[in-house]
Amino acid sequence: MAKAVSGTLQISNAVIADLAGYAALMCYGVVGMAYTDDQQNLETLLTMRQIRKGIDVEMDGSHVDVTLHVVVDAGVNMRSVCENLESSVKFMLDQVAQIKDSDVHVVIESMRVR
């Protein structure tokens, strides 16, 4: 059995973004993370190496706000996909990073046919 270790845990925003991205990509209906270049007004579907570009993380004390910019499959129930994303990301942050106080927001950037 594991023993408790005293001390504090510090996690960077980049690690939180990676955890959220991996959890999001495992959800049904999600094609990938999206990034929109405001200057050229182009949307890009991100590769696994770049997923944190499609995620905004803001911390205020122990509270974490995560905003996911996603591309979903055409024809899926968007509400169900968003609820599943929120639940999966919160679970991942709670279990892996021990972040109990988090809000997850989902922005559907586009829909794609696979």
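Structural data are supplied above this passage.
Because the structure is predicted, anything quoted here is derived from the model rather than measured. (Residues numbered from 1 in each chain as written. Predicted model: local features only at pLDDT ≥ 70, side-chain atom pairs only at ≥ 80, totals over all residues. Heavy atoms only, no water.)

### A closer look at the overall build of the protein chain
The number of helices and strands found in the protein chain is two helices and five strands. Along the protein chain, helices (α) and strands (β) appear in the sequence α-β-β-β-β-α-β when read from the amino end. Along the first, second and third principal axes, the C-alpha set of the protein chain runs to 50 × 30 × 25 Å. When each of the 114 residues of the protein chain is scored for burial, the buried share is 35%. Residue pairs in contact within the protein chain that sit at least 24 positions apart in sequence constitute 69% of those at least 6 positions apart. Accessible surface computed for the protein chain: about 7,500 Å², of which carbon and sulfur atoms make up 49%. Taken together, the 9 basic and 15 acidic charged side chains of the protein chain have centroids lying 9 Å from each other. (Helix = DSSP H or I, 4+ residues; strand = E, 2+ residues; numbered from the N terminus. Buried < 20%, exposed > 50% of the residue type's maximum accessible area, 1.4 Å probe, protein only. Contact = heavy atoms within 4.5 Å. Areas by Shrake-Rupley, 256 points an atom, 1.4 Å probe, with all protein chains shown as cover. Lys, Arg positive; Asp, Glu negative; His and termini not counted. Charge placed at Lys NZ, Arg CZ, Asp CG, Glu CD.)

### Considerations on the side chain of Thr-67
Within the secondary structure layout, Thr-67 lies in strand β4 (residues 63–73). In contact with Thr-67, not counting residues within four places along its chain, are Gly-54, Ile-55, Asp-56, His-105 and Val-107.

### With respect to the side chain of His-69
Here His-69 shows up in strand β4. With residues near it in sequence (within four places) discarded, His-69 still touches Gly-32, Met-33, Ala-34, Gly-54, Asp-56, Val-107 and Glu-109.

### Quick look at the pairing of strand β5 (residues 102–112)
The pairing of β4 with β5 spans 10 bridges and is parallel. Residue pairing in the sheet places Val-71 in a bridge with Ser-110 of β5. After leaving β4, the chain enters helix α2 (residues 78–97) and then returns to the sheet as β5, a path that is right-handed. (Pairing = 2+ DSSP bridges. Right-handed = clockwise from strand over helix to strand, strands pointing away.)

### A closer look at the pattern of salt bridges
Enumeration according to the criterion identifies three salt bridges in this entry. Its salt-bridge partner being Asp-94, residue Lys-100 comes within 2.6 Å of it at the nearest N-O pair. Note on Lys-100: relative accessible area 66%, which makes it exposed. (Salt bridge = Lys/Arg side-chain N within 4 Å of Asp/Glu carboxyl O.)

### Notes on the nonpolar core
Counting 26 residues, the largest nonpolar core has Met-33, Ile-55, Val-66, Leu-68 and Leu-85 as its most contacted members. Every element with two or more residues in this core is listed here: α1 (13–25), β1 (30–37), β3 (55–60), β4 and α2. Ranked by residue count, the leading element in this core is α1, at six residues. Discounting residues that sit within four places of it in the chain, Val-66 has contacts with Ile-16, Ala-20, Ile-55, Asp-56, Leu-93, Asp-103, Val-104 and His-105. (Core = buried A, V, L, I, M, F, W, Y, C linked by side-chain atoms within 4.5 Å.)

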